[in-house]
Amino acid sequence: MPAPLISIVLPAYDLQGQLADCLDSILEQSFGGFEVIVVADPSPDCPSRVPHATQDGRVSVLRLNATVGVGRSRNAGAARATGRYLLFLDSDHVLDPGALLALAEKVSAADPQVLLFGHTRLHAGQVWPGATAGLLASVATAGGPGCFWVTDHPELLGAPAQVWDRLISRRLWEDEELAFPEGEYEEVPVAYQALLAAERVAVLDRDLVQIRRRHTVHPTGSPGSSTFDLFDQYERTFELLDARPEYEALRPHLFGRMIQHYLFVFDLAGCVTRAARPRFFHRAAEHYQRYLPVGFKRPGGRAGLKFSLLAGGVYSAFEVAKLSQIARTAVTGKGGRG
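Presented here is an overview of the structure given in this document. Everything quoted here is computed from the prediction, not taken from an experiment.

### Some points on the overall build of the protein
Here is step 1: Each helix and strand counted, the protein has twelve helices and nine strands in total.
Here is step 2: Relative to the globule expectation of 20 Å for 338 residues, the C-alpha radius of gyration of the protein, 20 Å, shows essentially globular dimensions.
Here is step 3: Its C-alpha atoms put the protein at 65 × 45 × 40 Å along the principal axes.
Here is step 4: Residue burial in the protein is summarised as follows: out of 338 residues, 52% are buried.
Here is step 5: A separation threshold of at least 6 residues defines the contact pool for the protein, and within that pool the share at least 24 residues apart is 78%.
Here is step 6: Counting every atom, the protein has about 15,300 Å² of accessible surface; 52% of that belongs to carbon and sulfur.
Here is step 7: The protein carries 34 positive and 37 negative side-chain charges, and their two centres are separated by 7 Å.

### Description of the nonpolar core
Here is step 1: One finds Trp173 and Ile259 to be the most contacted residues of the largest nonpolar core, which totals 70 residues.
Here is step 2: With residues near it in sequence (within four places) discarded, Trp173 still touches Asn75, Ala78, Leu86, Phe88, Ile168, Leu178, Ala179, Phe180 and Val190.
Here is step 3: Counting residues in hydrophobic clusters, the runner-up holds 40 residues, among them Tyr13, Ala40, Leu95 and Ala104.

### Points about the packing of helix H10 (residues 277-291) against helix H11 (residues 301-312)
Here is step 1: Relative to each other, H10 and H11 sit at 95°, their axes nearing to 8 Å. If you check the angle between H10 and H11, you find them roughly perpendicular. Contacts between H10 and H11 involve Phe281, Ala284, Ala285, Tyr288 and Gln289 from the former and Phe307, Leu309, Leu310 and Ala311 from the latter.
Here is step 2: Its residues assigned to classes, the contact of H10 with H11 comprises eight nonpolar, one polar and no charged.

### A few points about the packing of helix H9 (residues 251-267) against H11
Here is step 1: Axis separation between H9 and H11 bottoms out at 11 Å; the angle between their running directions is 90°. Judged by the angle between their axes, H9 and H11 are roughly perpendicular. Contact with H9, carried on its side by Gly256, Ile259, Gln260, Leu263 and Asp267, involves Lys306, Phe307 and Leu310 of H11 and no other residues of that element.
Here is step 2: Class assignment of the residues belonging to the contact of H9 with H11 gives a composition of four nonpolar, two polar and two charged.

### Topic: the packing of aromatic side chains
Here is step 1: Inspection of every chain in the model, using the stated rule, returns 19 aromatic pairs.
Here is step 2: Here the aromatic rings of Phe88 and Phe180 are separated by 5.2 Å at their centres, their planes lie at 85°, and the arrangement is edge-to-face. Residue Phe88 is located in strand S4 (residues 85-88), and its partner Phe180 is located in the loop between helix H6 (170-175) and helix H7 (187-197); the two are separated by 92 residues in the primary sequence. The pair formed by Phe88 and Phe180 is uniform in burial state, with each residue classed as buried.
Here is step 3: The structure contains a cluster of three or more aromatic residues connected by ring pairs, namely Phe228, Phe231, Tyr234, Tyr262, Phe266, Phe280, Phe281, Tyr315 and Phe318.
Here is step 4: When the ring centre of Phe266 is taken as origin, the NZ or CZ atom of Arg277, which lies over that ring, is 3.9 Å away.

Calculation notes
Residues numbered from 1 in each chain as written. Predicted model: local features only at pLDDT ≥ 70, side-chain atom pairs only at ≥ 80, totals over all residues. Heavy atoms only, no water. Helix = DSSP H or I, 4+ residues; strand = E, 2+ residues; numbered from the N terminus. Rg over C-alpha atoms; globule rule 2.2 N^0.38 Å. Buried < 20%, exposed > 50% of the residue type's maximum accessible area, 1.4 Å probe, protein only. Contact = heavy atoms within 4.5 Å. Areas by Shrake-Rupley, 256 points an atom, 1.4 Å probe, with all protein chains shown as cover. Lys, Arg positive; Asp, Glu negative; His and termini not counted. Charge placed at Lys NZ, Arg CZ, Asp CG, Glu CD. Core = buried A, V, L, I, M, F, W, Y, C linked by side-chain atoms within 4.5 Å. Axes fitted to C-alpha atoms, helices over the stretch in contact; angles between N-to-C directions. Parallel < 35°, antiparallel > 145°, perpendicular 65-115°, else oblique. Nonpolar A, V, L, I, M, F, W, Y, C, P; charged D, E, K, R; others polar. Phe/Tyr/Trp six-rings, centres within 6.5 Å; stacked < 30°, edge-to-face > 60°. Lys NZ or Arg CZ within 6 Å of the ring centre and 35° of its normal.

The structure is reproduced here in structure tokens:
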């Protein structure tokens, strides 16, 4: 039996009861050259049975003997994979009909080591475009149908660092000894390391995955993980740039994404507790000063104001500015989407 083109690694943490929908969306694909490796550990969040594994030979279940979290589960699944490409999904993802066929056609034409594609988000009953929609369209137009180095499009480092909106060559994964680290936000260093190591990057300007998760829900971090792991993950990522002087021009894009990520998590209800907010703010401000590239230009508007306040490092000033904005919004009635 020939090896599959795509190995889909799927940790079985099913916090919202969506694993069956995810598997259905995979098995209903018109392209059949794939395998699904469902990775389960003894966590109560993982189901004791995966019926799809007994009904379809393309689905196997890898059971671990310790509770390890999503990162190490993905590593175990990748080690078991036999496909040419790795696709990492979570139980709250569903594939768009025709997604795997579109991926197969693209890799056949371009032979990339990393292939980026679009996604959407289902939230509060509405479908929202993914954060990379405009960026992928722009790169696809400028770069054409072929492959490129990430240095040709450094703006890609300004996209959210996710691993479920890209294919990664299994050979690249093995040659570069890629692996998800411990803790939450484990995708960050892996997503960037793959981009930096790849000699052939391609984009597919099409939405192929939908995420059906509240922003605040992490699939499951390793034991002892926390929101503060975010800082460790970006430290690991900047170490990658420090080791590659030829990538110095990418630093402003990574820095801007890092600060946006910190501010997003800091502002998002449920991510940082009230008691932990000052400590989180000061860790973010310290990273701002440590990694600030020479000549970095802050964004304009409200985002730029937040950058400036974080750069100043005064937590009380940041909170006062936030309260002032809330008050102005209430008075003018110009609130954003809830």
